[in-house]
Amino acid sequence: MKTLAQPASEPQGHVLQVPESIAFSDTQFFDLCQVNRDLRLERTASGEIVIMSPTGWETGSRNAEIITQLRTWARTDGTGVSTDSSTGFRLPNGAIREPDAAWVRKTRLSSVPYREKQRFLPLCPDFAIELRSSSDQLSVLRDKMAEYVENGVQLGWLLDPETRSVHVYRPDTPVEELKDADRVTAGPELPGFILDLKLVWEPEI
C-alpha cells in the first residue's frame, strides 16, 4: 500500500489508502462512487481519495435550507441551474469536489455533451457554497474555497454557523468576512439572490 502524501492541510474526512498499482480514471472513480452510494467521496488534485464523514442532523437541516433558497432563486432567475451536496464537479486541476451547494450558468452547461452530464460535470461551478459542520476544520474549508476560485468559481461562500460568519471569495480579491449578518447578497454574480442567514443559523430543531 502506498502512503499518500499529506497536502498543505489535512484533507477533510478519511483518506483511502490505495495500492500503487491502482490509478483511478475519472470513469473508474465515478463507478466507485456509484457502488458506494452510502459514502460521500471526493478526489484531490493529487489523486487522494477522501471519504467524507456524514453530517449531523443540524448541519443537514441547515444545508437543506441553503439549497432550497438557492433553488427557488435559480428557477425564478432562469439563467442557471443549482445543485446539492451530492453533485460532483471535475475541476480543471483534476480534483473532483462536491460543494454543499452550487450554481452553474446554462450557457456553460450547454457546451457539455448530454452523456457527460450523467457523470461528474467536467467544469467548475460559477458559484459554490461550503457549510462548516462542528467536525470540520476551518483551514481545510478555506483551502477548498481557494481551490474553487483558482479553478474558475466567480463567487464562493464559506458559511460558519459557529461564529455566524460568512467568508466571501472572489477571483483576484481579498477574502471578505461578514460577521453576525442576517443575510448575504450574491450580486453582481447572481443578481437578486439573497440568502436569509437567520434561517441557516437557527434551523428548525
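Note: the structure precedes this text.
Computed from a predicted model, the values in this text were never measured in an experiment.

**Considerations on the side chain of N151**
- As for its position among the elements, N151 is in the loop between α5 (138-150) and β9 (155-160).
- Owing to a relative accessible area of 12%, N151 belongs among the buried residues under this scheme.
- Discounting residues that sit within four places of it in the chain, N151 has contacts with L91, P92, N93 and C124.

**What to know about α5**
- Here α5 is 13 residues long and its end C-alpha atoms lie 18 Å apart, about the 18 Å a rise of 1.5 Å per residue gives.
- Every buried residue belonging to α5 is among L138, V140, L141, K144, M145, E147, Y148 and V149, and all of these are buried.
- Contacts made by the buried residues of α5 are with β2 (40-43), β3 (49-52), β6 (96-97), β8 (127-131), β9 and β10 (165-170).
- Looking one or two places after α5, you find G152, whose phi comes out positive at around 125 degrees.

**Digging into the nonpolar core**
- By size, the foremost hydrophobic cluster in this structure holds 23 residues, and its most contacted members are F127, W157, L159 and F193.
- When contributions to this core are tallied by element, the ones reaching two or more residues are α2 (57-77), β7 (101-105), β8, β9, β10 and α6 (198-201).
- The element best represented in this core is α2, accounting for four residues.
- The next biggest cluster of nonpolar side chains, apart from the first, holds 19 residues, and it includes V104, L121, L138 and Y169.

**Re the sheet that holds β9**
- Taking strand neighbours across the sheet as the criterion, the six strands line up as β4-β7-β8-β9-β10-β11 in an open arrangement whose pairing is mixed. The open sheet terminates on both sides in strands that have one partner only, identified here as β4 (80-83) and β11 (173-179). Between one strand and the next, the sheet's axes are offset by a mean angle of 15 degrees, whatever the strand orientation.
- Pairing of β9 with β10, which is carried by five bridges, proceeds in the antiparallel orientation. Paired with G156 across the strands is Y169, a residue of β10.
- Most of the contacts of α2 go to β7, to which it runs at about 20 degrees, and overall it touches β4, β7, β8 and β9.
- Its contacts with the sheet put α5 on β8, β9 and β10, and the angle it makes with β9 is roughly 170 degrees.

How each quantity is defined
Residues numbered from 1 in each chain as written. Predicted model: local features only at pLDDT ≥ 70, side-chain atom pairs only at ≥ 80, totals over all residues. Heavy atoms only, no water. Helix = DSSP H or I, 4+ residues; strand = E, 2+ residues; numbered from the N terminus. Buried < 20%, exposed > 50% of the residue type's maximum accessible area, 1.4 Å probe, protein only. Contact = heavy atoms within 4.5 Å. Expected span 1.5 Å × (residues − 1). Core = buried A, V, L, I, M, F, W, Y, C linked by side-chain atoms within 4.5 Å. Pairing = 2+ DSSP bridges. Axes fitted to C-alpha atoms, helices over the stretch in contact; angles between N-to-C directions.

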